[in-house]
Amino acid sequence: MSRNHNKNNSDKRESLGITASKDEEFSEWYTQVIQKAGLADYTPVSGCIVFRPYSYAIWEKIQSFFDNKIKRSGVQNAYFPLLIPESLLNKEKEHVEGFSPEVAWVTHAGNSKLNEKLAIRPTSETIMYDSYRKWIRSYKDLPLRINQWNNVVRWEFKYAMPFMRTREFLWQEGHTAFATKEEADKEVLEILDYYAQIYEELLAIPVIKGRKTEKEKFAGADYTTSIEIFLPVGKGIQGATSHHLGQNFSKAFDISFSDKDCGKGYVWQNSWGITTRSIGILTIMHGDNKGLVLPPKIAPVQVVVVPIIFEKSKDKVIKNAQHIKKLLGKHSVILDDRTDYTSGFKFNEWELKGVPIRIEIGPKDLEKKQVILARRDTGDKKAVKILNLKKVVAETLMDIQESLFDKAKKSLDRSIVDIKDLKDFQRYASQEKMLRMKHCGNIKCEEAIKDNSGLKTLCIPFDQPEKVEGKCPHCGEPARYVVLFARSY
Ligand code: 87F
């Protein structure tokens, strides 16, 4: 092959393929994958991205999975306004206090100033609970369990990162009210479990379930539970959250009910949410130097069939490729029969988009009644008899789903270090690890750790040793629980 030929090839790669290494230039790698795989694009508004069809299809799968679960559990969907009057947003002071710099406001209509400015919802507690006050009168109106799929705006000032940190994002927010704390407590965990299933079953990402510390919980909540994930870049990230609000909002918004014996009480409330950040987490968790790697259950396209076209055998090969597409009808299959692109170009493009299985079919394969099957996750290629193809594809998709999870689980397990003493802590604090250690539970100590090392608590995992004894390695006070510390998004 001539030098020139090589050069042309690599020029092509420059413009179309991923040119940055995930390990060495992560941020450049991420930007390229998001754009080149067709997930998102930047817009004139900093922090606001386009969710292109490919990422929206992923979001729709997450939506449909979770929507089914909550509907089966008795939650109903509804829609509340985007705009929230200032007076309403400030009704429960505590919950907005730390957040107020992030609230975006509508102040004008045309040239005239509004009498009261309107917040673009950063979250919908206040606007929803204003209605709940009117709708809930008696125990017969309970439980009230409403969810909305919507967009929210939070004017963040930290650097933007598509999906991971954007000023507008998509999410669902569930807001429920119960007659008893017990029912509410139970729902917090039920929902958290659905979130864990989204990550583990659909996205092939292992999670850690736990409770947030007092420092990290939502200020409006009695307690906050969360799903935590550790990314291969050495950072922790919250994957979703489920709060028990106690009676904090029901008291502020006067949401009360009369019970069977005509006694009055305030309702017990929860709120819970998962956002389009999950798409960023998915990208970072499984992606490699060729681009996206999608687990089959979340992949908008599971199999791509690429006919290897030569003028002489063209018709026969395409006809057989169509037959194969039909044969695999229960999966989502694309037949890439574009004639104005080379096979090599198509291979690269579908690899970039993370399609789990590629099937190549050329005239020589047809003679042998076979195709070539390539796995995106491992790059393995093998010949498969067309007779066995249906079965092999179904098995391979399952195998890819499982092995992506196993790989991520092994990486998670390798990332956790158990901290015994201060020396241990100092040694690992600067490494890209998750530090599992006993902690005193004092906010002051947690803050000092954050100031000194940049490490934050991810959560107090539900999975605790039977007895926590001894001292907090950082301050020497008696330990209360085991907690996870890490750098985080
Ligand atoms: C930004 C501005 C104003 C987060 C904010 O986690 C208010 C807030 O209340 C705010 N950013 N939060 C907390 C949201 C709590 C809760 N809402 C429902 C959730 C899940 C879904």
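Model, not experiment: these values are computed from the prediction.

Some remarks on the overall build of the protein chain
Counting its regular elements, the protein chain contains 15 helices and 23 strands. With respect to the three principal axes, the spread of C-alpha positions in the protein chain is 85 × 60 × 50 Å. As displayed, the protein chain has an accessible area near 23800 Å², and 49% of this comes from carbon and sulfur atoms. Taken as two groups, the 77 positive and 65 negative side-chain charges of the protein chain have centres that lie 5 Å from each other.

Some remarks on the site of the ligand
Around the ligand lies a shell of 18 residues, among which Phe99, Thr123, Glu125, Arg154 and His243 are the nearest. Contacts to the ligand include Glu125, whose side-chain N or O atom sits 2.7 Å from a nitrogen atom. Between a nitrogen atom of the ligand and a side-chain N or O atom of Arg154, the distance comes to 3.2 Å. Of the pockets mapped on this structure, the ligand occupies the largest pocket. At the level of elements, helix H5 (93–97), strand S8 (168–178), strand S11 (235–246) and strand S14 (268–275) are the ones that each hand at least two residues to the shell around the ligand.

A few points about the packing of helix H2 (residues 26–36) against helix H9 (residues 277–286)
Two numbers describe a pair of packed helices, the interaxial angle and the distance between the axes. Packing of H2 against H9 brings their axes to within 11 Å, and their N-to-C directions diverge by 115°. Handedness of the H2/H9 crossing: right-handed. Note on element contacts: H9 touches H2 through Gly280, Thr283 and Ile284, opposite Phe26, Trp29, Tyr30, Val33 and Ile34. Looking at the contact of H2 with H9, its residues break down into six nonpolar, two polar and no charged.

Examining empty space enclosed by the protein
The final tally for this structure, using the stated rule, is one cavity of 30 Å³ or more. The computed volume of the largest cavity comes to approximately 30 Å³. Looking at the largest cavity, the residues that line it are Tyr159, Met161, Met164, Arg165, Arg277 and Tyr489. Residues of the lining of the largest cavity, tallied by class, amount to four nonpolar, no polar and two charged.

Remarks on the packing of helix H3 (residues 53–73) against helix H7 (residues 181–202)
At a closest axis distance of 11 Å, the pairing of H3 and H7 adopts a crossing angle of 150°. By the angle class used here, H3 and H7 are roughly antiparallel. Crossing of H3 over H7 shows right-handed handedness. Contacts between H3 and H7 involve Lys61, Ile62, Phe65, Phe66, Lys69, Ile70 and Ser73 on the former and, on the latter, Glu190, Ile191, Tyr194, Tyr195, Gln197, Ile198, Glu201 and Leu202. Partitioning the contact of H3 with H7 into residue classes produces nine nonpolar, two polar and four charged.

Notes on the domain arrangement of the protein chain
Per the domain assignment, the segments making up the protein chain are domain 1 (1–17 + 298–396), domain 2 (26–77 + 127–286) and domain 3 (415–486). Summarising the inter-unit geometry, the C-alpha centres of domain 1 and domain 2 are found 38 Å apart. Contacts between the two partners involve 10 residues from domain 1, matched on the other side by 12 residues from domain 2. Taken as a group, Ile298, Pro300 and Lys353 account for 67% of the area that domain 1 buries against domain 2, more than any other trio of residues on that side. Along the contact surface separating domain 1 from domain 2 lie zero salt bridges. Here domain 1 and domain 2 share four residue pairs in polar contact (both at pLDDT 80 or more) between them. Sorting elements by how many residues they give to the side of domain 1 that touches domain 2 places helix H1 (residues 3–16) first, with three residues. Split into classes, the residues belonging to the side of domain 1 that touches domain 2 amount to six nonpolar, two polar and two charged.

A few points about a nonpolar patch on the surface
Side chains of Tyr79, Leu82 and Leu83 sit close together on the surface and give an oily, nonpolar patch of about 270 Å² of accessible area. Structurally, Leu82 is set in the loop between strand S3 (76–77) and strand S4 (83–85).

Some points on the sheet that holds S4
Spatially, the three strands line up as an open sheet ordered S4-S6-S5, and their pairing is antiparallel. Looking at the sheet topology across the chains shown, the edges are occupied by S4 and strand S5 (105–109). Each strand of the sheet is rotated relative to its neighbour by a mean of 45°, with strand direction disregarded.

Examining the pairing of strand S7 (residues 144–153)
Of all 10 residues in S7, nine are buried; the element is thus mostly enclosed. Pairing of S3 with S7, which is carried by two bridges, proceeds in the parallel orientation. Paired with Asn77 across the two strands is Asn147, which belongs to S7. Pairing geometry for S7 and S8, over 10 bridges, is antiparallel. Each residue of the ladder has a partner; that of Arg145, found in S8, is Thr176.

Parameters and conventions
Residues numbered from 1 in each chain as written. Predicted model: local features only at pLDDT ≥ 70, side-chain atom pairs only at ≥ 80, totals over all residues. Heavy atoms only, no water. Helix = DSSP H or I, 4+ residues; strand = E, 2+ residues; numbered from the N terminus. Areas by Shrake-Rupley, 256 points an atom, 1.4 Å probe, with all protein chains shown as cover. Lys, Arg positive; Asp, Glu negative; His and termini not counted. Charge placed at Lys NZ, Arg CZ, Asp CG, Glu CD. Near = heavy atom within 4 Å. Polar contact = N/O pair within 3.5 Å; in protein donor to acceptor, adjacent residues only side chain to side chain. 1 Å grid on protein atoms, 1.4 Å probe; cavity = no way out; pocket = protein on both sides within 12 Å on 5 of 7 lines; lining within 4 Å. Sits in = over half its atoms within 2 Å of the grid points. Axes fitted to C-alpha atoms, helices over the stretch in contact; angles between N-to-C directions. Left-handed = near helix turned anticlockwise from the far one by under 90°. Contact = heavy atoms within 4.5 Å. Nonpolar A, V, L, I, M, F, W, Y, C, P; charged D, E, K, R; others polar. Points joined across faces, edges and corners; volume = space filled by probe spheres on them. Parallel < 35°, antiparallel > 145°, perpendicular 65-115°, else oblique. Domains from an automatic or database assignment. Buried area = accessible area lost by both parts, 1.4 Å probe. Salt bridge = Lys/Arg side-chain N within 4 Å of Asp/Glu carboxyl O. Patch = residues over 30% accessible without salt bridge, like charges linked within 9 Å, V, L, I, M, F, W, Y side chains within 5 Å. Pairing = 2+ DSSP bridges. Buried < 20%, exposed > 50% of the residue type's maximum accessible area, 1.4 Å probe, protein only.

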